[in-house]
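# What the coordinates show
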Amino acid sequence: MIEADVTIRGHDPKEPIMAHPPDTDSDITLKKWLESMKTSNKGIKLDFKSLEAVSPSLALLEAMLAEPGRPVWINADILTGPGGQNKPVDAQAFLSVVTALPAQTVLSLGWTTGWTAGTNNS
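Report on the accompanying structure.

What counts and what doesn't
Residues numbered from 1 in each chain as written. Predicted model: local features only at pLDDT ≥ 70, side-chain atom pairs only at ≥ 80, totals over all residues. Heavy atoms only, no water. Pairing = 2+ DSSP bridges. Helix = DSSP H or I, 4+ residues; strand = E, 2+ residues; numbered from the N terminus. Axes fitted to C-alpha atoms, helices over the stretch in contact; angles between N-to-C directions. Contact = heavy atoms within 4.5 Å. Core = buried A, V, L, I, M, F, W, Y, C linked by side-chain atoms within 4.5 Å. Buried < 20%, exposed > 50% of the residue type's maximum accessible area, 1.4 Å probe, protein only. Parallel < 35°, antiparallel > 145°, perpendicular 65-115°, else oblique. Left-handed = near helix turned anticlockwise from the far one by under 90°. Nonpolar A, V, L, I, M, F, W, Y, C, P; charged D, E, K, R; others polar. Arc of directions from axis to C-beta.

Across a sheet, paired strands are connected by hydrogen bonds in the backbone, their directions being either parallel or antiparallel. Strand order in the open sheet formed by five strands is β2-β1-β3-β4-β5, and the pairing between neighbours is mixed. In this open sheet, the two edge strands, each paired with only one partner strand, are β2 (16-18) and β5 (106-112). When the angles between neighbouring strand axes are averaged without regard to direction, this sheet yields 35°. Direction of pairing for strand β3 (residues 44-48) relative to strand β4 (residues 72-80): parallel, over a ladder of five bridges. Its bridge partner being in β4, Phe48 is matched across the sheet by Ala76. Lying on the sheet, helix α1 (residues 30-37) is in contact with β1 (2-8), β2 and β3; it crosses β3 at an angle near 165°. Relative to β4, helix α3 (residues 91-98) is tilted by about 165°, and along the sheet it contacts β3, β4 and β5.

Here it is as structure tokens:
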């Protein structure tokens, strides 16, 4: 499996990119990344960092979802977990967007967490 963080570009053109907040720009768009994945037989896990990126990303991902035998996981942190400081992706909105995915797609739901160097992170 290859995991990638997906968010929406912070300026025009607004498109899904490979970045982890606080970064809102990248030289790798999701479209380019998915094209490079066509030469691999690895499964992919897309970790969505913004709800705005989900629908356009799923449209780009449609061809790969149809490939038999390629594992595809769709992830978002939809709950606030221990020490979580980041706002989670809206659970209801995320789940309503991903309900139309093919049955073989794995839905991976998570929670935000926090970690601080040099402290007891219970």
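Core analysis: the biggest nonpolar cluster contains 25 residues, and Trp33, Ile44, Leu46, Phe48, Leu61, Ile74 and Phe94 have the highest contact counts within it. Counting residues per element, the ones that place at least two in this core are β1, α1, β3, α2 (54-65), β4 and α3. Per element, the largest residue contribution to this core is five residues, and it comes from α2. Setting aside chain neighbours within four positions, we find Ile44 in contact with Met1, Ile2, Trp33, Leu34, Met37, Leu61, Met64, Arg70, Pro71, Val72 and Trp73.

Right, let's talk about the packing of α2 against α3 for a bit. Here α2 crosses α3 at 20°, and the two axes come no closer than 10 Å. By the criterion of interaxial angle, the relationship of α2 to α3 is roughly parallel. Classified by chirality, the crossing of α3 by α2 is right-handed. When α2 is examined against α3, the residues Val54, Ser55 and Leu58 are found in contact with a partner set consisting of Phe94, Val97 and Val98. Classifying every residue of the contact of α2 with α3 by side-chain character gives five nonpolar, one polar and no charged.

What follows concerns α1. The complete set of buried residues in α1 reads Leu30, Trp33, Leu34 and Met37. Buried residues of α1 fall within an arc of 95° about the axis and therefore sit on the same side.

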